[in-house]
Amino acid sequence: MSYAREDLNWAERIEKALSPLTRNKKIELWFDRKIEPGEAWEKSVLSAIDRCDGALLLVSPSFLNSDYILSTELPKLFAAREQRGIFFLPIVISFCPYSLVESLTQFQMFNDPERPYSSLVDWQVDKELTRLVEEIATRAGKGKK
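Residues numbered from 1 in each chain as written. Predicted model: local features only at pLDDT ≥ 70, side-chain atom pairs only at ≥ 80, totals over all residues. Heavy atoms only, no water.

Draft legend 1. Layout of the packing of aromatic side chains. Evaluated as defined, the whole model comprises 4 aromatic pairs. Consider the rings of Phe-78 and Phe-107, whose centres lie 5.3 Å apart with planes at 20 degrees: the pair is stacked. You can see Phe-78 sitting in helix H5 (residues 67-84) and its partner Phe-107 sitting in the loop between strand E2 (87-92) and helix H6 (122-141), a full 29 residues away along the chain. The class for Phe-78 is buried, based on a relative accessible area of 16%. The class for Phe-107 is buried, based on a relative accessible area of 10%. Ring geometry for Phe-88 against Phe-107: centres 4.7 Å apart, planes inclined by 40 degrees, an arrangement best described as tilted. Residue Phe-88 is located in strand E2, and its partner Phe-107 is located in the loop between E2 and H6; the two are separated by 19 residues in the primary sequence. (Phe/Tyr/Trp six-rings, centres within 6.5 Å; stacked < 30°, edge-to-face > 60°. Helix = DSSP H or I, 4+ residues; strand = E, 2+ residues; numbered from the N terminus. Buried < 20%, exposed > 50% of the residue type's maximum accessible area, 1.4 Å probe, protein only.)

Here it is as structure tokens:
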């Protein structure tokens, strides 16, 4: 889950929603939030990309303002997609100009960018997270984690 450190509340909420899949070992989640920023963090992120079958991108102003994400992490993810066919689920969690990041415009956002998670009431977020869990479960059932 990319940029969980900056969008911790959303990362934790998504992690909780995905817990039925992690408990049943259908997927394994990796977050950057438990690692202190620095060289070890960067190596850990790149190593996780090398091992992953998919990526949840928490798209927000923080995500878009990260030079590391734009210059290093996204290109590495795109290369992994090209080489190994990993899947992306970009989730817009708050209003942001993601369309200005040309490399992101090639992907359909998981949710409607005009209705980011932060603009929804709790029951709507729960409904969206249920849809996310179902999407990931479907992909995991096809051999993609």
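Draft legend 2. Spatial organisation of the nonpolar core. Within the largest apolar cluster, 24 residues are counted, with the highest numbers of intra-cluster contacts made by Leu-57, Phe-63, Leu-74, Leu-77, Phe-88 and Leu-104. Where this core is concerned, the elements lending two or more residues are helix H3 (39-51), strand E1 (54-59), helix H4 (61-64), H5 and E2. For this core, the leading source of residues is H5, giving 6 residues. Leu-77 has contacts with Ile-49, Ala-55, Leu-57, Ile-86 and Phe-88, leaving out every residue within four places of it along the chain. In terms of nonpolar packing, the next biggest core, distinct from the first, is built from 22 residues, Phe-31, Leu-89, Leu-120 and Ala-140 among them. (Core = buried A, V, L, I, M, F, W, Y, C linked by side-chain atoms within 4.5 Å. Contact = heavy atoms within 4.5 Å.)

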